[in-house]
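# Survey of secondary and tertiary structure
The lines below spell out each chain.
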Amino acid sequence: MPFGYRCSVELRTLRYFVAVAEELHFGRAATRLHMSQPPLSRAIKRLETEVGALLFARSPVGVTLTAVGTVLLDEARALLDHADRVRAVVTAAAGVATVTVGILGDSTDPGATRLAAAYRRSHPGIDIRVRDTDLTDPTCGLRAGLVDVALTRAPFDETALTVCELRTDPVGVVLRADDPLAHRSRLRLADLGDRRWFQFPQGTDPIWQSYWNGGEPREGPVVRVVHECLQAVLWNGTVGLAPLGHDLPAELAVVPLTDMAPSRVVAVWNEGDTNPLIRSFIEIATAAYRR
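As a starting point, this report considers the structure included with it. (Residues numbered from 1 in each chain as written. Predicted model: local features only at pLDDT ≥ 70, side-chain atom pairs only at ≥ 80, totals over all residues. Heavy atoms only, no water.)

### Some thoughts on the environment of Arg-121
You can see Arg-121 is positioned in helix α5 (residues 110-122). By relative accessible area, Arg-121 is classed as exposed at 60%. For the pair Arg-121 and Thr-168, spaced 47 residues apart in sequence, the C-alpha separation works out to 26 Å. (Helix = DSSP H or I, 4+ residues; strand = E, 2+ residues; numbered from the N terminus. Buried < 20%, exposed > 50% of the residue type's maximum accessible area, 1.4 Å probe, protein only.)

### Digging into the sheet that holds strand β10 (residues 263-270)
Read across the sheet, 5 strands follow the order β4-β3-β5-β10-β6 without closing on themselves; strand pairing throughout is mixed. Every interior strand has two partners, whereas the edge strands, β4 (127-133) and β6 (161-169), have only one. Across this sheet, the average inter-strand angle for adjacent strands is 25°, counted without regard to direction. With 3 bridges connecting them, strand β3 (residues 98-104) and strand β5 (residues 149-154) associate as parallel partners. Each residue of the ladder has a partner; that of Ile-103, found in β5, is Leu-151. Of the strands in this sheet, β3, β5, β6 and β10 touch helix α8 (residues 276-289), which is tilted by about 15° from β6. (Pairing = 2+ DSSP bridges. Axes fitted to C-alpha atoms, helices over the stretch in contact; angles between N-to-C directions. Contact = heavy atoms within 4.5 Å.)

### A few points about the pairing of strand β1 (residues 56-59)
Relative to strand β2 (residues 62-65), β1 runs antiparallel, the two sharing 4 bridges. Counted as the bridge partner of Phe-56 is Leu-65 from β2. Between β1 and β2, which pair antiparallel one after the other, the connecting turn spans 2 residues.

Right under this line is the structure:
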């Protein structure tokens, strides 16, 4: 970033940039950031002016990252992760009561919405911070100390973690609406054996990767976020798995899989953490998700 660019503006703008880069759509990014689209677009244009290059190639259906944007995305993620760690350390030193929650996937899940309302009622003086994460870390930064508790999906390596199951969801395969298999009422994993499946980046938890690949070695494009998974299906006919019950674009369809283990929605925290705020969070989450 150029010298003289204020740190507070820089971090906020980088968060805006990362949201657009992960959603590849200004409207969806604005919704995720709880803001309107025009100021988001202006912030990204200012960032492009500061950088001196276009970060996105724009089209009527969305945006794609330019080569410069791809480089900045990796650097922005690293910088924001570091900023989160610094804030957590300083907050702890100041003695402020804060709980940082990592969320993977759909933050509009009715269970999460009920949990947020119930926790606010029970702990009105607590500062709740939310960290959205991509699909490469199912623990949402828990092991790195970026969050206190995570709302995520299992399975993954549970070493040194405590896991509380909140709900299970059946899983289906996401296909293009014009795919011959999209009109079937049910499918089995064997029906998809000749298809390409999306992959997560190298270093991703192998248990997590194996689950979303149906337990078999697969080949296919590398993705980081849900939107990239959907685009891989739409553009390349790639096989993607998803919990049932989520809204999809009209161009896509989801067919239930009869031999796929359900996806477990879980709350996770570090083993041995005795923070009473986390214990209360888990108790409230258990009630909120099982309504």
